[in-house]
Amino acid sequence: QVQLVESGGGLVQPGGSLTLSCTASGTIPSIDYMGWHRQAPGNQRELVARISRRGNTYYADSVKDRFTISREFGKNTVYLRMSSLKPEDTAVYYCTLTGGFRDYWGQGTQVTVSS
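What you are looking at is a predicted structure, and each value in this text was computed from that prediction instead of being measured.

Rules behind the numbers
Residues numbered from 1 in each chain as written. Predicted model: local features only at pLDDT ≥ 70, side-chain atom pairs only at ≥ 80, totals over all residues. Heavy atoms only, no water. Helix = DSSP H or I, 4+ residues; strand = E, 2+ residues; numbered from the N terminus. Rg over C-alpha atoms; globule rule 2.2 N^0.38 Å. Buried < 20%, exposed > 50% of the residue type's maximum accessible area, 1.4 Å probe, protein only. Contact = heavy atoms within 4.5 Å. Areas by Shrake-Rupley, 256 points an atom, 1.4 Å probe, with all protein chains shown as cover. Disulfide = S-S within 2.5 Å. Core = buried A, V, L, I, M, F, W, Y, C linked by side-chain atoms within 4.5 Å.

Caption draft 1: Spatial organisation of the overall build of the chain. Secondary structure assignment for the chain yields 0 helices and 11 strands. The linear arrangement of helices and strands in the chain, starting from the amino end, is β-β-β-β-β-β-β-β-β-β-β. Taking 2.2 N^0.38 as the reference for a compact globule, 115 residues should give roughly 13 Å; the C-alpha atoms of the chain span a radius of gyration of 13 Å, in line with that estimate. Along the first, second and third principal axes, the C-alpha atoms of the chain reach 40 × 25 × 25 Å. For the chain, the proportion of its 115 residues judged to be buried stands at 39%. Relative to all contacts within the chain whose residues are 6 or more apart in sequence, the contacts with residues 24 or more apart total 52%. Surface accessibility of the chain: about 6,300 Å² in total, with carbon and sulfur atoms responsible for 44%.

So this is what it looks like as C-alpha coordinates:
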(Lines give C-alpha, C1' and ligand atoms only; values in the text may rest on other atoms or scores of the structure.)
Protein backbone atom coordinates (compact mmCIF):
# COMPACT_ATOMS: atom_id res chain seq x y z
CA GLN A 1 0.00 0.00 0.00
CA VAL A 2 1.09 3.52 -0.81
CA GLN A 3 -0.23 6.52 1.07
CA LEU A 4 0.06 10.04 -0.30
CA VAL A 5 -0.49 12.95 2.06
CA GLU A 6 -0.86 16.47 0.66
CA SER A 7 -0.54 19.74 2.52
CA GLY A 8 -0.34 23.43 1.80
CA GLY A 9 -3.73 24.21 0.33
CA GLY A 10 -5.84 27.11 1.44
CA LEU A 11 -7.35 30.45 0.51
CA VAL A 12 -5.23 32.97 -1.38
CA GLN A 13 -5.94 36.22 -3.16
CA PRO A 14 -5.55 36.52 -6.94
CA GLY A 15 -1.92 37.11 -7.78
CA GLY A 16 -0.77 35.34 -4.65
CA SER A 17 1.31 32.22 -4.16
CA LEU A 18 1.01 28.85 -2.47
CA THR A 19 3.23 25.82 -2.23
CA LEU A 20 1.73 22.34 -2.05
CA SER A 21 3.69 19.39 -0.78
CA CYS A 22 3.08 15.68 -0.90
CA THR A 23 4.88 12.86 0.82
CA ALA A 24 4.49 9.20 0.00
CA SER A 25 4.77 6.46 2.57
CA GLY A 26 4.21 2.74 2.79
CA THR A 27 5.49 0.13 0.39
CA ILE A 28 6.64 2.45 -2.36
CA PRO A 29 7.61 0.99 -5.73
CA SER A 30 10.27 2.45 -7.96
CA ILE A 31 8.84 5.85 -8.79
CA ASP A 32 8.42 6.74 -12.44
CA TYR A 33 6.57 10.02 -11.89
CA MET A 34 5.14 12.14 -9.16
CA GLY A 35 2.76 14.91 -10.00
CA TRP A 36 -0.35 16.92 -9.39
CA HIS A 37 -3.81 16.80 -10.88
CA ARG A 38 -6.69 19.12 -10.09
CA GLN A 39 -10.44 19.08 -10.35
CA ALA A 40 -12.69 22.12 -10.24
CA PRO A 41 -16.44 21.81 -9.64
CA GLY A 42 -18.16 20.69 -12.81
CA ASN A 43 -14.87 19.99 -14.56
CA GLN A 44 -12.95 16.86 -15.35
CA ARG A 45 -9.81 16.07 -13.43
CA GLU A 46 -6.77 17.37 -15.30
CA LEU A 47 -3.03 16.87 -15.09
CA VAL A 48 -1.37 20.05 -13.89
CA ALA A 49 2.29 19.06 -13.66
CA ARG A 50 4.47 16.03 -13.17
CA ILE A 51 8.13 15.23 -12.76
CA SER A 52 9.92 12.06 -13.76
CA ARG A 53 12.51 10.06 -11.90
CA ARG A 54 15.09 11.73 -14.12
CA GLY A 55 13.76 15.18 -13.39
CA ASN A 56 11.95 15.79 -16.66
CA THR A 57 8.92 18.00 -16.16
CA TYR A 58 5.57 18.51 -17.83
CA TYR A 59 3.16 21.40 -17.30
CA ALA A 60 -0.34 22.01 -18.56
CA ASP A 61 -0.46 25.04 -20.83
CA SER A 62 -2.73 26.83 -18.37
CA VAL A 63 -0.05 26.83 -15.65
CA LYS A 64 3.19 27.17 -17.60
CA ASP A 65 5.44 29.95 -16.33
CA ARG A 66 3.35 30.22 -13.15
CA PHE A 67 3.73 26.82 -11.48
CA THR A 68 6.93 24.95 -10.68
CA ILE A 69 7.15 21.30 -9.72
CA SER A 70 10.10 19.91 -7.83
CA ARG A 71 10.88 16.76 -5.93
CA GLU A 72 13.00 15.10 -3.33
CA PHE A 73 12.70 11.52 -4.42
CA GLY A 74 14.99 10.43 -1.61
CA LYS A 75 12.27 11.69 0.71
CA ASN A 76 9.45 10.54 -1.59
CA THR A 77 8.22 14.12 -1.62
CA VAL A 78 7.01 16.36 -4.41
CA TYR A 79 6.21 20.08 -4.30
CA LEU A 80 4.14 22.40 -6.45
CA ARG A 81 5.00 26.06 -6.20
CA MET A 82 2.07 28.08 -7.53
CA SER A 83 2.50 31.76 -8.32
CA SER A 84 0.37 34.45 -9.95
CA LEU A 85 -2.68 32.48 -8.94
CA LYS A 86 -5.96 33.12 -10.73
CA PRO A 87 -9.54 32.41 -9.68
CA GLU A 88 -9.65 29.69 -12.35
CA ASP A 89 -6.92 27.83 -10.46
CA THR A 90 -9.48 27.13 -7.74
CA ALA A 91 -9.80 23.36 -7.45
CA VAL A 92 -9.01 20.33 -5.36
CA TYR A 93 -5.40 19.41 -6.03
CA TYR A 94 -4.44 15.73 -5.94
CA CYS A 95 -0.96 14.34 -5.57
CA THR A 96 -0.20 11.36 -7.77
CA LEU A 97 2.53 8.74 -7.89
CA THR A 98 3.15 6.40 -10.80
CA GLY A 99 5.30 3.37 -10.21
CA GLY A 100 5.23 -0.38 -10.43
CA PHE A 101 2.71 -0.13 -13.27
CA ARG A 102 0.18 1.54 -10.99
CA ASP A 103 -1.11 5.02 -10.23
CA TYR A 104 -1.68 6.16 -6.68
CA TRP A 105 -3.70 9.18 -5.57
CA GLY A 106 -3.82 11.33 -2.50
CA GLN A 107 -7.02 12.54 -0.87
CA GLY A 108 -6.66 16.03 -2.26
CA THR A 109 -6.20 19.50 -0.84
CA GLN A 110 -8.43 22.47 -1.60
CA VAL A 111 -6.96 25.57 -3.21
CA THR A 112 -9.26 28.58 -3.41
CA VAL A 113 -8.22 31.76 -5.19
CA SER A 114 -10.56 34.58 -4.30
CA SER A 115 -10.54 38.16 -3.12
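That covers the picture; the talk isn't over yet.
Caption draft 2: Structural detail: the state of the cysteines. Inspection of every chain in the model, using the stated rule, returns 1 disulfide. The side chain of C22 participates in a disulfide bridge whose partner is C95; the two sulfur atoms lie 2.0 Å from each other. Residues C22 and C95 share a disulfide whose torsion about the S-S bond is about -80 degrees; that sign makes it left-handed. Here C22 is found in strand β3 (residues 18–26), whereas its partner C95 is found in strand β9 (residues 91–99), with 73 residues between them in sequence. Residue C95 is classed as buried on the basis of its relative accessible area, which comes to 0%.

Caption draft 3: Here's a closer look at the nonpolar core. Formed by 31 residues in total, the largest nonpolar core has its most connected members in L4, M34, W36, L80, M82 and Y93. If you list the elements that add at least two residues to this core, you get β1 (2–7), β3, β4 (31–39), β5 (46–52), β7 (67–72), β8 (77–82), β9 and β11 (109–113).

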